[in-house]
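# Structural description and commentary
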Amino acid sequence: MSDPEPRPVTSEPTVAPARVGFPVERWILAPRTTWRAWRIAAAFGPGIDARTAWAMARVQWHPDEYPYMNHHLDGERTS
């Protein structure tokens, strides 16, 4: 068997996806929730921000905090 033709070399740089960053305070005060949020953001991809990922991670383990999550994420709304 012969080898297939080699692929042409492209000069386009490969760009790593942007990672979501969390403040140091979150890592110190709530390391488990922040770790879970980091994993959620990594699995979801570049379309999620740190605030949303952290809220999703928090509600996974504390579903009773769901109303607070809605208020936290809709911070621009006034009630």
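Residues numbered from 1 in each chain as written. Predicted model: local features only at pLDDT ≥ 70, side-chain atom pairs only at ≥ 80, totals over all residues. Heavy atoms only, no water.

### Notes on the packing of aromatic side chains
In this structure the tally under the stated criterion is two aromatic pairs. For the pair Phe22 and Trp27, a centre-to-centre distance of 6.4 Å together with 90° between the ring planes defines the contact as edge-to-face. Judged by relative accessible area, Phe22 falls into the buried class, the value being 12%. What makes Trp27 partly exposed here is its relative accessible area of 33%. Here Trp35 and Trp38 contribute two aromatic rings whose centre-to-centre distance is 5.1 Å and whose plane-to-plane angle is 25°, an arrangement assigned as stacked. A residue pair is termed a helical-turn pair when its members lie 3 or 4 positions apart in one helix, as Trp35 and Trp38 do in helix α2 (residues 31–44) at three residues. For Trp35, a relative accessible area of 46% translates into the label partly exposed. Its relative accessible area of 23% is what places Trp38 among the partly exposed residues. (Phe/Tyr/Trp six-rings, centres within 6.5 Å; stacked < 30°, edge-to-face > 60°. Buried < 20%, exposed > 50% of the residue type's maximum accessible area, 1.4 Å probe, protein only. Helix = DSSP H or I, 4+ residues; strand = E, 2+ residues; numbered from the N terminus.)

### Focus on the packing of helix α3 (residues 50–61) against helix α4 (residues 66–73)
In contact at an axis separation of 10 Å, α3 and α4 are set at 175° when each is read in the N-to-C sense. Classified by the interaxial angle, the pair formed by α3 and α4 is roughly antiparallel. Taking contact as the criterion, the partners of Arg51, Thr52, Ala55, Met56 and Val59 in α3 are, on α4, Tyr66, Met69, His72 and Leu73. Considering only residue class, the contact of α3 with α4 consists of six nonpolar, two polar and one charged. (Axes fitted to C-alpha atoms, helices over the stretch in contact; angles between N-to-C directions. Parallel < 35°, antiparallel > 145°, perpendicular 65-115°, else oblique. Contact = heavy atoms within 4.5 Å. Nonpolar A, V, L, I, M, F, W, Y, C, P; charged D, E, K, R; others polar.)

### Quick word on the pattern of salt bridges
Scanning the entire structure with this criterion turns up one salt bridge. As a salt-bridge pair, Glu65 and Arg58 come within 2.9 Å of each other at their nearest N and O atoms. Of the residues examined, Glu65 reaches a relative accessible area of 22% and is grouped as partly exposed. Take Arg58: its relative accessible area is 23%, and that puts it in the partly exposed class. (Salt bridge = Lys/Arg side-chain N within 4 Å of Asp/Glu carboxyl O.)

### Focus: a nonpolar patch on the surface
A cluster of nonpolar residues, Val24, Ile28 and Leu29, forms a patch on the protein surface that exposes about 370 Å² of accessible area. Among the structural elements, Ile28 can be located in helix α1 (residues 24–29). (Patch = residues over 30% accessible without salt bridge, like charges linked within 9 Å, V, L, I, M, F, W, Y side chains within 5 Å. Areas by Shrake-Rupley, 256 points an atom, 1.4 Å probe, with all protein chains shown as cover.)

### Looking at the environment of Pro46
Within the secondary structure, Pro46 sits in the loop between α2 and α3. Residue classification places Pro46 among the exposed positions, given a relative accessible area of 67%. Distance from Pro46 to Arg19, taken between C-alpha atoms, is 7.1 Å for residues 27 residues apart in sequence.

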